[in-house]
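Below are the chains, spelled out letter by letter.
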There are 6 protein chains.
Amino acid sequence: MPRAEGRKNDQLRPVKITRGFTKNALGSALIENGNTVVLCTASCEERVPFHLRGKHCGWVTGEYSMLPGSTKVRSPREAARGRQGGRTMEIQRLIGRSLRSSVNLEALGERTFTVDCDVLQADGGTRCASITGGFVALIDAINKLKASNKITGEPVIQQIAAVSVGIVSDEIMLDIDYSEDQYAQTDMNFVMTEHGKIIEVQGTAEAKVFSLDELVEMTKLAQAGIAELTDLQTQALSQ
Amino acid sequence: MPRAEGRKNDQLRPVKITRGFTKNALGSALIENGNTVVLCTASCEERVPFHLRGKHCGWVTGEYSMLPGSTKVRSPREAARGRQGGRTMEIQRLIGRSLRSSVNLEALGERTFTVDCDVLQADGGTRCASITGGFVALIDAINKLKASNKITGEPVIQQIAAVSVGIVSDEIMLDIDYSEDQYAQTDMNFVMTEHGKIIEVQGTAEAKVFSLDELVEMTKLAQAGIAELTDLQTQALSQ
Amino acid sequence: MPRAEGRKNDQLRPVKITRGFTKNALGSALIENGNTVVLCTASCEERVPFHLRGKHCGWVTGEYSMLPGSTKVRSPREAARGRQGGRTMEIQRLIGRSLRSSVNLEALGERTFTVDCDVLQADGGTRCASITGGFVALIDAINKLKASNKITGEPVIQQIAAVSVGIVSDEIMLDIDYSEDQYAQTDMNFVMTEHGKIIEVQGTAEAKVFSLDELVEMTKLAQAGIAELTDLQTQALSQ
Amino acid sequence: MPRAEGRKNDQLRPVKITRGFTKNALGSALIENGNTVVLCTASCEERVPFHLRGKHCGWVTGEYSMLPGSTKVRSPREAARGRQGGRTMEIQRLIGRSLRSSVNLEALGERTFTVDCDVLQADGGTRCASITGGFVALIDAINKLKASNKITGEPVIQQIAAVSVGIVSDEIMLDIDYSEDQYAQTDMNFVMTEHGKIIEVQGTAEAKVFSLDELVEMTKLAQAGIAELTDLQTQALSQ
Amino acid sequence: MPRAEGRKNDQLRPVKITRGFTKNALGSALIENGNTVVLCTASCEERVPFHLRGKHCGWVTGEYSMLPGSTKVRSPREAARGRQGGRTMEIQRLIGRSLRSSVNLEALGERTFTVDCDVLQADGGTRCASITGGFVALIDAINKLKASNKITGEPVIQQIAAVSVGIVSDEIMLDIDYSEDQYAQTDMNFVMTEHGKIIEVQGTAEAKVFSLDELVEMTKLAQAGIAELTDLQTQALSQ
Amino acid sequence: MPRAEGRKNDQLRPVKITRGFTKNALGSALIENGNTVVLCTASCEERVPFHLRGKHCGWVTGEYSMLPGSTKVRSPREAARGRQGGRTMEIQRLIGRSLRSSVNLEALGERTFTVDCDVLQADGGTRCASITGGFVALIDAINKLKASNKITGEPVIQQIAAVSVGIVSDEIMLDIDYSEDQYAQTDMNFVMTEHGKIIEVQGTAEAKVFSLDELVEMTKLAQAGIAELTDLQTQALSQ
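Reading guide: rules and limits
Residues numbered from 1 in each chain as written. Chains lettered and ligands numbered in written order. Predicted model: local features only at pLDDT ≥ 70, side-chain atom pairs only at ≥ 80, totals over all residues. Heavy atoms only, no water. Least-squares fit on C-alpha atoms with pLDDT ≥ 70 in both. Contact = heavy atoms within 4.5 Å. Disulfide = S-S within 2.5 Å. Buried < 20%, exposed > 50% of the residue type's maximum accessible area, 1.4 Å probe, protein only. Salt bridge = Lys/Arg side-chain N within 4 Å of Asp/Glu carboxyl O. Helix = DSSP H or I, 4+ residues; strand = E, 2+ residues; numbered from the N terminus. Core = buried A, V, L, I, M, F, W, Y, C linked by side-chain atoms within 4.5 Å. Axes fitted to C-alpha atoms, helices over the stretch in contact; angles between N-to-C directions. Parallel < 35°, antiparallel > 145°, perpendicular 65-115°, else oblique. Left-handed = near helix turned anticlockwise from the far one by under 90°. Nonpolar A, V, L, I, M, F, W, Y, C, P; charged D, E, K, R; others polar.

1. Thoughts on the relation of the copies chain A and chain B
With an axial shift of 0.0 Å and an RMSD of 0.0 Å, the rotation relating chain A to chain B amounts to 180°. Taken together, these values place the two copies in the relation of a two-fold axis. No C-alpha of chain A lies nearer the rotation axis than that of A:Ala79, which sits 1.8 Å from it. Interface overlap between copies: 100% of the residues of chain A at the interface are likewise at the interface in chain B, consistent with a symmetric, same-surface contact.

2. Observations regarding the arrangement of the chains
With respect to C-alpha atoms, chain A approaches chain D no nearer than 11 Å, and the pair has no contact. Chain F makes no contact with chain C, the minimum C-alpha separation between the two being 11 Å.

3. Here's the deal with the state of the cysteines
All names here are of chain E. Within this structure, the stated rule accounts for zero disulfides over all chains. Counting only cysteine sulfurs, Cys117 is the nearest neighbor of Cys128, a cysteine outside any disulfide, at a range of 12 Å. For Cys128, a relative accessible area of 5% translates into the label buried.

4. Description of the pattern of salt bridges
Within this structure, the stated rule accounts for 114 salt bridges over all chains. Note that E:Arg13 is salt-bridged to E:Asp123, the shortest N-O span being 3.6 Å. You can see E:Arg13 sitting in the segment before strand 1 (15-19) and its partner E:Asp123 sitting in the loop between strand 5 (112-121) and helix 3 (126-147), a full 110 residues away along the chain. When sorted by exposure, E:Arg13 lands in the same class as E:Asp123, which is buried. We note a salt bridge from E:Lys208 to E:Asp170, for which the minimum N-O separation is 2.8 Å. Separated by 38 residues along the polypeptide, E:Lys208 in the loop between strand 9 (198-205) and helix 5 (212-238) and E:Asp170 in the loop between strand 6 (160-168) and strand 7 (171-174) bring together distant segments of the chain. The partly exposed category is assigned to E:Lys208, whose relative accessible area is 42%. The structure contains a network of salt bridges with shared partners spanning A:Arg3, A:Arg7, A:Arg13, A:Asp123, A:Asp175 and A:Glu180.

5. Considering the nonpolar core
One finds D:Phe113, D:Phe210, E:Phe113 and E:Phe210 to be the most contacted residues of the largest nonpolar core, which totals 128 residues. Among all residues touching D:Phe210, those that are not within four sequence positions of it are D:Ile167, D:Thr186, D:Met188, D:Thr204, D:Ala205, D:Leu215, D:Met218, E:Lys197, E:Ile198 and E:Val201. Ranked by size, the runner-up nonpolar core spans 125 residues in total, among them B:Ile160, B:Ile172, B:Met218 and C:Leu94.

6. Structural notes on the environment of E:Ser101
Residue and element names in this part refer to chain E. Take Ser101: it is sitting in the loop between helix 2 (86-100) and strand 5. The exposure class assigned to Ser101 is buried, which follows from its relative accessible area of 17%. Distance in space between the C-alpha atoms of Ser101 and Val48 is 17 Å, their sequence separation being 53 residues.

7. Here we look at the packing of helix 2 of chain E against helix 3 of chain E
Residue and element names in this part refer to chain E. The geometry of helix 2 relative to helix 3 is characterised by a closest axis approach of 10 Å and an angle of 40° between their N-to-C directions. In terms of their interaxial angle, helix 2 and helix 3 are classed as oblique. Crossing handedness for the pair helix 2 and helix 3: right-handed. Touching Arg87, Glu90, Ile91, Leu94, Ile95, Ser98 and Leu99 of helix 2 are Thr126, Arg127, Ser130, Ile131, Gly134, Phe135 and Leu138, all from helix 3. Of the residues in the contact of helix 2 with helix 3, the class split is seven nonpolar, four polar and three charged.

Here is the structure:
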């Protein structure tokens, strides 16, 4: 089964990152990864969670949601159901941990950055796109505070991005889309620095266990994909 | 106090309606009304609410949300708080009632259309933009079911749109934006047909009561604005 | 279709307002509007919502509920369901806005008045009866604080009441009851001052759109009804 | 410390039961016990809880609420808080169990009676007043179904009522009011038949343990009070 | 119908109390009452509920839960359902009131003890076992604070335990198990001091009313059972 | 910094698995991993989630909770807060996915196994202990249904267990406890078969990124630990 549009196993879908897609939030980026589209905004409040008060330390957190109309079968609105589902919780905890690893919290000052990742259209890989786009929105917001001298010094300690890798029909493939995900034996998500160092790895054998050798091969494929994504982030931030 | 960008009291902000902005939902429209941006999608399920089962009748409902990053001060995510606020409930009830008035529910068949209005950027008038854009998304969805012969006959009975009118500094103004709304004495929302007949009227004297004469004048201004908006809807649906 | 008990189109149902129906709340009024019966109580707390603290300004808010046994088919208890429905939220926001318009919040001092409107028996027009009766309960409470010199000066800036108007079988009728409401083409609610100035107007075309001329005629009918209701309020408050 | 208004230790407060206080619910009674006022309504649905379906058996359940304005310090509305408190749950379970004991569930047919007890004014003893008044509302509803031949045979197996007894300043007193309850060493509630047989007994030593002898004496006092209350119920039901 | 394992009507099931079953909580006891097994832990926080702040007074509260796997038919997890049921609320209020009666709150200092009673295995009498075991956990915790001189003086004013008594087949039986409870006419729970003075009494006639004479007999049986239980508590605390 | 009790980096804490610790649930196991103690029970219902009905397929799900008294600082009870936290959701999704991978769902018949993992005492590694112990409880339950011929054939397709690995002070360590976890640079959890094939891998760089080489080394250490754990499971199941 060849990939859609003749894509190679080690090839990302087309990725486009538009910084400043919306204007009200302090930082903003729209990331399009194939047909997956996520609007990431970063807002800043001059206070920190209770357990950090008075510790001269900032905080970064993430929230995630799929718009009801982002999927072919409508996804019920979590606000109407009265609670966020387990998948949402799991993803937004991942986003928050990943983004926090990219900054020196003490250099942020006593303020909280909330990075909201709202999926406008879903075609697989929404959590990875959220992290990759969310990093751009976060840095966009931090840069504005640096420009207005609210933040002095450099809070960013490493650049991060995320990508998925799957095993489909016994082949290892980069950046699987929704149709591939449906048939994947294994689905892994990697968050890495621009140098390929690992921040988060999450892998699930959906239909067939995998070996250490396969884990190594998947990690290498992810490293290559992450390098491309961090280049695109850099471009978006420099425009 | 002149209006921003030299706008006249009877002038709408620039309005742009993009049909098909996203692909997964059956119907979709992005409406930009000045800096207010709302993504409207229409999804369809082959079932109806409990009280309509077996009555050969369809249903149309609306849901509304502001993305947390749509406002300058971040709006807390209602799914995280565990419930929708009163303002959200009030607005989505208005959207649902308005859209239902535009169709013959029996001609829809036993199916439910849910029109989701998610505000990407808020600058006043989000409920009116949701109705105006939501109508396009709904008709876009209905047209697809007509094209595939799932719906025969014509369920649409009238074209509808919505606009706000305010009294600011004793002057009556069409389509007030967020900065004007902050100082408005009166804030009214009108939902009307393309012929200026009234479907919903909601007016609140924020700071100063108003007279019947003012109510008449505001209604006339709304009728003119609605006529422009229904023209733009027609263009978006014919492209 | 003649109205029940030979009522004319411009005639209110019999209205009775009993101030002081209960004793524990600071202010209290039972309003009977035909078979609609609402118990309104006004309580006062010596604090204000977070966003008003330290601003030398009071607050007035409203809450609304239908007792489960107030309707022929029992209405599920919202506390047992774990949340207030959209209709309840919409109505209590209307009550709160209306009552706030009647007072000078600064003259109240840093205290919050909560006006609870609990429907003991429902036969149409419960939100209007809540506002008309709620005003009496609120003033009853304010008068007690004035009598004990906790409030000096006069916080009341205008007298308000509310009434519904409907179009049934193409006829415009004042103060429609539940049986009429079931068949109404249009259902409007007006909140006005004793001089017929408008504070809130909410109208919905249930089955048939309406014209500006009809809007004008409905407003005039409401003005006449409001004048009668404010007289009855004055009597209840002077006893 | 003498009791208010010279009441003796074995004396009830004045009790008045008005059957048919409201008209929409199938059964209705307003009970006034001194300054405690509870509106009890009984509604009937032609279905039973899931676990009873198909068992030719009915159900009786109770719900309880204090209106926010029923107390001198306003009681927050449970529907607004999003859940019923522990005290409410405890009381409504007691009401339901007590009322179920008075009827033969099989003779009710496959229908559910819900007895709603809403406290309009609270001055101690609201749970007992709810049971005493709730019994009248329930029988009122059952009588209507008997009159319309929906229920044949006699579902009522015993008459029940409830009363509180307290130990205040080492004296045992019947039907304690709120001011006495504040100082009570022990607070007990009894639900009994008209013959003084016990259905429920709940006693709490608030400040000082009590002995078996005191338990016996309190029970006897309750038996006398219950006999008066069941007479009043009988009168209300025969009018 | 003889009791299981030849037990006499006035005989407790075998009871074993293991103090210190877990190590992280300040106080801990596992109580086995026949096949009923409850893990009781007591934790201490250096703060009190809002209404007690600054009053030089401590607080004791109880929480109760049945593990889903504690019953033959799995009990749904209340955290997953999003709320605690009425039975849970009723029981934990009873636990809290009972344990508070055993101590002088002022001698605790401004701290809150929370006694968690989690049922590992349920075979009837779980609320009584929770109180009997919870007392041991609470005293275990208090003793540790006394040993570290955080508490000086003696907060314990009386020893308490709880036991159930039932009427099954017209016979009065001590400490009924689940199989007996299913057929009980009456189910009573007593909380008493080591001297047989009453703290709480709760009795429900499940299938048949009971008399004052039966109430007296049940109370005497409970007094004998409580005396045995308080001996076992003393042993557990002295080891 | 040497490990507690002289433990080597590749050494598990003492592990003890007690099958049948409680009797009411169909399957049961208590797992003690050092001071971490988790009670795992497996219950079975003769029905499946909605989306599986009629598909001749069973289901396995997991639920997880920490008892409030399981930690030194009391963990608030999620049922009382009204919702499960993100960490709980994340863990129970992991437990469910892992256990499902060990069985052929079709061979279970149309029934749901719920494996409840309740942490009685927490000292790090509770999610891994839940999976390792939960597997024993699940197989215990399946074996009972096989013994009673409700399940024929063999649903178990592979044995699974879980273990954590951490990087602490730049050293890779197996089965880290709570005190080590506090200082870990990296915290990874592995779920594997008895042959060291990977089912789930989740790793987080808490304080310092890690390399592919470290990932490989951690995986190998986990494989050795898993082999020991699956031996202990086999012993517990054969007793």
